[in-house]
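# Residue-level structural notes
Listed below are the residues making up each chain.
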Amino acid sequence: MQERPYVGFYVQDVEFRSIVVTVQTPLRMCLSASLSGFLPPDPCRAFRYCDLCCGDGTTIIALAILNPESEFWGIDFNPQHIKKGQERIERYGLKNVRLIQADLAEIDFKDFPEFDFITINGAYSWLEEPLRQKILDFVGEKLKEGGLFYVQYMALPGRISIEPLWKLIQRLVPPEKYSSGRERAKKGLYFLRLLAKRGMFYLQANPPAARATQFYLTTTKNDEYFIDHFAHNALASGFRPFYFYEIYSEIKKRGLEFAGSVDPALNDLELAVPPTQVPTFFEITDIELVETVKDFIRNTMDRRDLFIKGGVKDFSRAYEFLKERIKIFPALPVTEINRVLPVIGGARIPLKGPVYDKVFKLFEEGRSFITLEDLGEFQEKQVLKALTRLLATQEFEVALKEPYPEVSFKEDEEVKFELYPEINEEFLEEAREEFFSCVLVSEITRGAGSPLSPLEVLFLSELKENGRVDFERLKEKLSSVTKVVQTLQGQKPANALSTEELERMFKAFSKRKIPLLMKLGILKVL
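These figures come from a predicted structure and were not determined experimentally.

Attention shifts here to the overall build of the protein chain. Helices and strands together make up the secondary structure of the protein chain, namely 19 helices and 17 strands. Expected size for 526 residues packed as a compact globule is a radius of gyration near 24 Å; at 23 Å, the protein chain falls within 12% of this value. With the C-alpha coordinates aligned to their principal axes, the bounding extent of the protein chain is approximately 65 × 60 × 55 Å. Counting over 526 residues, the protein chain shows a buried share of 56%. In the protein chain, 76% of the contacts between residues at least 6 apart in sequence involve partners at least 24 apart. The average position of the 71 basic charges and that of the 78 acidic charges among the side chains of the protein chain differ by 3 Å.

Put into structure tokens, the structure is as follows:
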């Protein structure tokens, strides 16, 4: 009988709120890998996808709806998560997604099929080492050749001062003394508040730990969700941040190569480090060292990395894949896009040159989207670099199908909308009830579409229900909401927003977000 590995303590009686994780969607992973020169799985063909520690399966259930020919597996130890996810699966009548409630220490992966995509988000840094090794063995054995593995983890050196602080809190509140995860978290926050209030030279000497402390002491005052967040993030006995070279060496043993960050900008050296540091990498070329040194320069706090099994860089094949598959379009009128890209350290890179000029000219002439076919007169690597930088502006979108046309209407005109696909209605309603952010999904990306802030959730809900936004009524709804929100001028409690501020923010939402939701096919005018 196989010996059960040590799993330590991880809270199991507290649900963790889930939203669609944008970078876990196949298009985003394939885009990042191909921009780095690797040929990824084809997201337009049937594929098999496994999400480890999937929570309630929000991401893979949405993906299953948008990719009915593909197969999705999710594994999570928390029975509450799986119950909620299973209810959603039954509600939508899905046959292509399977949720498994299991302890990773006990599950036997030998009968699992092979997968094109394996992902783990928000869990790797909180598991004990034997479980991490088991996951990597699973990836090595069950990821197909050419398949992608996405892993998110807390990174060093940025988190170097946070781990000791959480270990201290864990010692102050041993799990066996408390009847629930939330009770333990509240006591841990009590000690954290006490220590911070009375003065800790540790926090003075370690700003990241001080910021983490301030974050939890502030957010947990007004939102119980962050008590649960603290229980999951600070009180897991396995919590540990990693240097990139540690992750890289372990995954390379399983036959995988680093395929880049899921944030394409971090794969462009001139965007990832200040200009003064670029010459440093003339002498450092080994990818293990390049990424680790970049993390020290950036003081990286967390990483979201892609690895490919048996992958070999071939920019020509990657370019052809992108040319055949993706459609590129601006998220807002192209004349309003700032053609200057800010870089860490305060530098700015202008988006100037023949490729950029051609892209902007095509959109100014009225094109609704372009493909790489439109840029055929330029060198492949030149186009891939330009595409990386256009995406880094966060003002361009990529899809697998053509964007929908916008429908214009006057700002004060009553217009009835519907959300598509249907699961977006559920995402919006859940976010509205909890005054939380959400990510809506799109048929043209076959995955994530657009993130919405809590206020944008309310704006869209009001539009959908009433055809317009009554700002006095909205202000009344917010009168009891003490959560802090981002405004055009900074942060403030939601109940302190004036009618005029709400009107200004809605105007910005109408100008930037509503047209994008229409292009993505998420918002349809009745």
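For the protein chain, per-residue confidence averages 93 on the pLDDT scale, and 97% of positions sit at 70 or higher. A low-confidence stretch, residues 1–7 (pLDDT under 50), is modelled with 13 contacts involving residues beyond four sequence positions or located in other chains.

Glancing now at the environment of E183. Mapped onto the secondary structure, E183 falls in helix α6 (residues 181–198). Judged by its relative accessible area of 35%, E183 falls in the partly exposed class. Separated by 10 residues in the primary sequence, E183 and V173 place their C-alpha atoms 9.9 Å from one another.

Turning next to the pattern of salt bridges. All chains considered together, the criterion is met by 41 salt bridges. Linking D374 and R367 is a salt bridge whose minimum nitrogen-to-oxygen distance equals 2.8 Å. Accessibility expressed as a relative area gives 35% for R367, which makes it partly exposed. In this structure, K513 and E456 form a salt bridge, with 3.2 Å as the shortest nitrogen-oxygen distance. Highlighted residues: K513 in helix α19 (residues 499–519) and E456 in helix α17 (residues 454–466), separated in sequence by 57 residues. Like K513, the residue E456 is buried in the burial classification.

With that settled, the discussion passes to the packing of aromatic side chains. A complete count under the given rule lists 31 aromatic pairs for this structure. With 5.8 Å between their ring centres and 85 degrees between their planes, W73 and F115 make a pair best called edge-to-face. Placement of the pair is W73 in strand β2 (residues 71–76) and F115 in strand β4 (residues 115–120), with a sequence separation of 42 residues. Neither residue differs from the other here; W73 and F115 are each classed as buried.

What follows concerns the sheet that holds strand β3 (residues 97–101). Judged by pairing direction, the sheet is mixed, and its 7 strands sit side by side in the order β3-β2-β1-β4-β5-β7-β6 without closing on themselves. Every other strand in the sheet has two partners, leaving β3 and β6 (256–261) as the edge strands with one partner each. Between one strand and the next, the sheet's axes are offset by a mean angle of 20 degrees, whatever the strand orientation. In this structure, strand β5 (residues 143–154) lies alongside strand β7 (residues 302–309), joined through 7 bridges in antiparallel fashion. Following the sheet pairing, V151 is matched in β7 by D305. In the packing of helix α2 (residues 58–66) onto the sheet, contacts are made with β1 (48–52), β2 and β3, and the angle to β2 comes to roughly 170 degrees.

Below, the discussion takes up the packing of helix α5 (residues 162–172) against helix α9 (residues 225–234). Across the interface, α5 lies against α9 with an axial gap of 10 Å and an inter-helix angle of 105 degrees. Comparing their axes, α9 and α5 come out roughly perpendicular. Listed contacts from α9 to W166, I169 and Q170 of α5 are F230, N233 and A234.

Right, let's talk about helix α10 (residues 244–252) for a bit. Listed in full, the buried residues belonging to α10 are F244, I247, Y248, E250 and I251. Residues of α10 that are buried make contact with α4 (129–142), β5, β6, α12 (287–298) and β7.

A word on the nonpolar core. In terms of nonpolar packing, the biggest core is built from 111 residues, with F396, L455, L460 and L478 touching the most fellow members. Among the elements that line this core, the one with the most residues is α19, at 8 residues. With near-sequence residues (within four places) excluded, L455 lies in contact with F435, L478, V485, Q486, L497, L502 and M505. The next biggest cluster of nonpolar side chains, apart from the first, holds 35 residues, and it includes I120, L136, V139 and F244.

Further remarks concern the state of the cysteines. In the structure shown here, the tally under the stated rule is 0 disulfides. Among the cysteines around C53, which has no disulfide bond, C54 carries the closest sulfur, lying 8.1 Å off. Under the relative-accessibility criterion, C53 is labelled buried at 16%. The thiol sulfur of C438 is not disulfide-bonded, and the nearest other cysteine sulfur, from C54, lies at 20 Å.

Turning to the side chain of N424, a few remarks are in order. Among the secondary structure elements, N424 is positioned in helix α16 (residues 423–434). Among the polar contacts made by the side chain of N424, one reaches the main-chain carbonyl oxygen of V441 at a distance of 2.9 Å. Ignoring anything within four residues of it in the chain, the contact list for N424 reads L419, L440, V441 and I522.

With 16 residues, helix α8 (residues 207–222) should cover 22 Å at 1.5 Å per step; its first-to-last C-alpha distance of 23 Å lies within 8% of that length. Among the residues of α8, those classed as buried are P208, A209, A212, T213, Y216, L217, T219 and T220. In the core, the buried residues of α8 are packed alongside α5, α6, α7 (201–205) and α9.

Here strand β8 (residues 327–330) shows no split at all, with K327 and F329 on one side and I328 and P330 on the other all buried. Both β8 and strand β11 (residues 396–399) contribute to a ladder of 4 bridges, which runs antiparallel. Bridge pairing in β11 links F329 to E397.

Thresholds, definitions, all that
- Residues numbered from 1 in each chain as written.
- Predicted model: local features only at pLDDT ≥ 70, side-chain atom pairs only at ≥ 80, totals over all residues.
- Heavy atoms only, no water.
- Helix = DSSP H or I, 4+ residues; strand = E, 2+ residues; numbered from the N terminus.
- Rg over C-alpha atoms; globule rule 2.2 N^0.38 Å.
- Buried < 20%, exposed > 50% of the residue type's maximum accessible area, 1.4 Å probe, protein only.
- Contact = heavy atoms within 4.5 Å.
- Lys, Arg positive; Asp, Glu negative; His and termini not counted.
- Charge placed at Lys NZ, Arg CZ, Asp CG, Glu CD.
- pLDDT = per-residue confidence, 0-100.
- Salt bridge = Lys/Arg side-chain N within 4 Å of Asp/Glu carboxyl O.
- Phe/Tyr/Trp six-rings, centres within 6.5 Å; stacked < 30°, edge-to-face > 60°.
- Pairing = 2+ DSSP bridges.
- Axes fitted to C-alpha atoms, helices over the stretch in contact; angles between N-to-C directions.
- Parallel < 35°, antiparallel > 145°, perpendicular 65-115°, else oblique.
- Core = buried A, V, L, I, M, F, W, Y, C linked by side-chain atoms within 4.5 Å.
- Disulfide = S-S within 2.5 Å.
- Polar contact = N/O pair within 3.5 Å; in protein donor to acceptor, adjacent residues only side chain to side chain.
- Expected span 1.5 Å × (residues − 1).

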